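Observations on the three-dimensional arrangement
For reference, the chains in residue letters:
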Amino acid sequence: MRFLGGWRVPQVHGKRFNSSSMYVPSHEPALESDCRRLEKFLEDKPHILVLTGAGISTESGIPDYRSEGVGLYARSNHKPIQHGEFVKSEATRKRYWARNYVGWPRFSSIAPNITHYTLAKLEREGRISGIVTQNVDRLHGKAGSKEVVELHGSGYDVICIGSQDERGKGCNYRIDRHDFQHILDQLNPAMEDNSTSMRPDGDVELSMEYVQGFKIPPCPQCGGNLKPEIVFFGDNVPMPRIEKVVRMIIESDGVLVLGSSLTVFSGYRIVLQAKELGLPVAIVNIGATRGDPKADLKISARCGEIMSNLFTTKR
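Reading the values: the criteria
Residues numbered from 1 in each chain as written. Predicted model: local features only at pLDDT ≥ 70, side-chain atom pairs only at ≥ 80, totals over all residues. Heavy atoms only, no water. UniProt positions renumbered as here; feature names shortened; annotations may be inferred. Helix = DSSP H or I, 4+ residues; strand = E, 2+ residues; numbered from the N terminus. Contact = heavy atoms within 4.5 Å. Areas by Shrake-Rupley, 256 points an atom, 1.4 Å probe, with all protein chains shown as cover. Buried < 20%, exposed > 50% of the residue type's maximum accessible area, 1.4 Å probe, protein only. Pairing = 2+ DSSP bridges. Salt bridge = Lys/Arg side-chain N within 4 Å of Asp/Glu carboxyl O. Axes fitted to C-alpha atoms, helices over the stretch in contact; angles between N-to-C directions. Lys, Arg positive; Asp, Glu negative; His and termini not counted. Polar contact = N/O pair within 3.5 Å; in protein donor to acceptor, adjacent residues only side chain to side chain.

Identification of the protein chain as NAD-dependent protein deacylase from Anopheles culicifacies is taken from an unreviewed UniProt entry. As its UniProt record puts it under Subcellular location (unreviewed entry), the protein chain is described as follows: "Mitochondrion matrix". UniProt's Function (unreviewed entry) comment on the protein chain is quoted here verbatim: "NAD-dependent protein deacylase. Catalyzes the NAD-dependent hydrolysis of acyl groups from lysine residues."

This is the structure we're talking about:
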């Protein structure tokens with residue numbers, strides 16, 4: 001299995017696993033007692049709902065925004081794309097799509113890591129009921145997980161954001177991101193990969209000279225603007241998706257948070273709703289999270305180290 005980024009092979013209690021460490025913040029090694037405590041949390045709860053954040057995908061080589069020393073905010077002055085700017089500004093859309101176009105071959109080829117594969121295995125074994133992910137990388141699906149809600153959408157689909165008609169209905173055009181890449185190839189045959197670094201949503205850094213001449217097709221159905229089906233900062237999670245997540249929380253017997261600082265409210269709200277229902281919450285994340293005061297169990301460790309050693313001890 002191929003991974004991106006610089007490599008090292010951490011070891012916990014004799015078990016080894018591969019992990020990209022380029023975008024993983026500094027941390028203490030996981031303790032065996034931490035693994036056993038999480039096992040105990042999970043053992044009598046067959047309907048655990050798992051919430052995952054960018055901290056699990058950093059181990060596959062995708063950077064996040066907030067990790068100390070290695071996140072996008074720590075490495076540059078660039079801020080994430082804002083929904084309002086994307087909708088209103090042609091220059092913003094051109095800049096985004098040029099960067100996303102160049103970054104797509106790398107972003108879409110990134111492989112799941114041990115946390116993704118372990119969660120898929122736990123789902124098959126009936127130890128968890130489903131996953132809500134804040135990530136847009138579709139790595140859970142690649143790893144084999146079936147019951148996944150992509151809270152903030154996915155970079156793997158492109159949709160039209162054309163204006164609504166008098167009945168409030170908008171254009172329903174949708175295209176697979178791989179197919180959209182072929183269209184962009186045809187429109188931009190001279191575009192080269194002169195990027196310097198990948199960003200969390202799959203776009204990359206490019207100089208303005210490469211952005212200015214980039215061509216974006218309009219929606220073939222209505223002529224509107226196209227965007228990835230990602231909930232950009234400043235946009236709202238669609239209500240049907242929120243309602244589905246609420247049902248998943250109600251039907252669960254606890255929540256496990258993996259690799260999320262819970263800074264964004266759409267994720268933190270899941271913890272709050274679980275506690276309002278009297279459900280236990282466990283959090284595994286490097287460093288503090290917004291939800292720590294609400295947690296019944298908090299483990300500060302790399303998710304891959306913990307997840308690769310669950311239910312492996314001989315009884």
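**Focus: the overall build of the protein chain**
Broken down by element type, the protein chain carries 12 helices and 13 strands. Within the protein chain, counting contacts between residues at least 6 apart in sequence, those at least 24 apart form 71% of the total. In the form shown here, the protein chain has an accessible surface area of approximately 14600 Å², with 49% of it arising from carbon and sulfur atoms.

**Examining the pairing of strand β6 (residues 128-133)**
Taking burial as the measure, the 6 residues of β6 include 5 buried ones, the bulk of the element. The pairing of strand β5 (residues 48-52) with β6 spans 5 bridges and is classified as parallel. Across the sheet, residue Ile-48 finds its bridge partner in β6, namely Ile-128.

**Section: the pattern of salt bridges**
Two side chains with opposite charge may pair up if their charged atoms get near one another. Counted by the stated rule, this structure contains 14 salt bridges. A salt bridge links Arg-174 to Asp-157, with the shortest nitrogen-to-oxygen separation between them at 4.0 Å. Within this pair, whereas Arg-174 is found in strand β9 (residues 174-176), its partner Asp-157 is found in strand β8 (residues 153-160), the two being separated by 17 residues in sequence. Exposure remark for Arg-174: the relative accessible area of 44% places this residue in the partly exposed category. A single salt-bridge network, built from bridges that share partners, covers Arg-138, Glu-150, Asp-157, Arg-174 and Glu-229.

**Observations concerning the sheet that holds β8**
Reading across from one edge, β9-β8-β10 is the order of the 3 strands in this open sheet, with antiparallel pairing throughout. With partners counted over all chains shown, the strands left at the sheet margins are β9 and β10 (226-230), one partner each. The average angle at which neighbouring strand axes cross in this sheet is 40°, direction not considered. The pairing of β8 with β9 spans 3 bridges and is antiparallel.

**Concerning the side chain of Glu-123**
Here Glu-123 lies in helix α6 (residues 114-124). Summary of buried charges: Glu-123 has no salt-bridge partner, and the nearest side chain of opposite charge, Arg-124, is 6.7 Å away. Here Glu-123 is in contact with Ile-128, Gly-144, Ser-145, Lys-146 and Glu-147, once residues within four sequence places are set aside.

**Thoughts on the environment of His-140**
By secondary structure assignment, the location of His-140 is in helix α7 (residues 139-143). Through-space distance from the C-alpha of His-140 to that of Thr-52 is 9.7 Å; in sequence the pair is 88 residues apart. Ignoring sequence-local partners within four residues, the contact set of His-140 consists of Thr-52, Ile-56, His-116, Leu-119, Ile-131, Thr-133, Ser-145 and Val-148. A polar contact is formed between the side chain of His-140 and the side chain of Thr-52, at a distance of 2.9 Å.

**Quick word on α6**
Within α6, burial applies to Thr-115, His-116, Thr-118, Leu-119, Ala-120, Leu-122 and Glu-123. Contact partners of the buried residues in α6: β5, α2 (54-57), β6, α7, β11 (254-258) and α12 (303-307). Of the residues that open α6, the one with a side-chain oxygen 2.9 Å from the backbone nitrogen of Thr-115 is Asn-113. Just downstream of α6, Gly-126 is the residue with a positive phi angle, here 80°.

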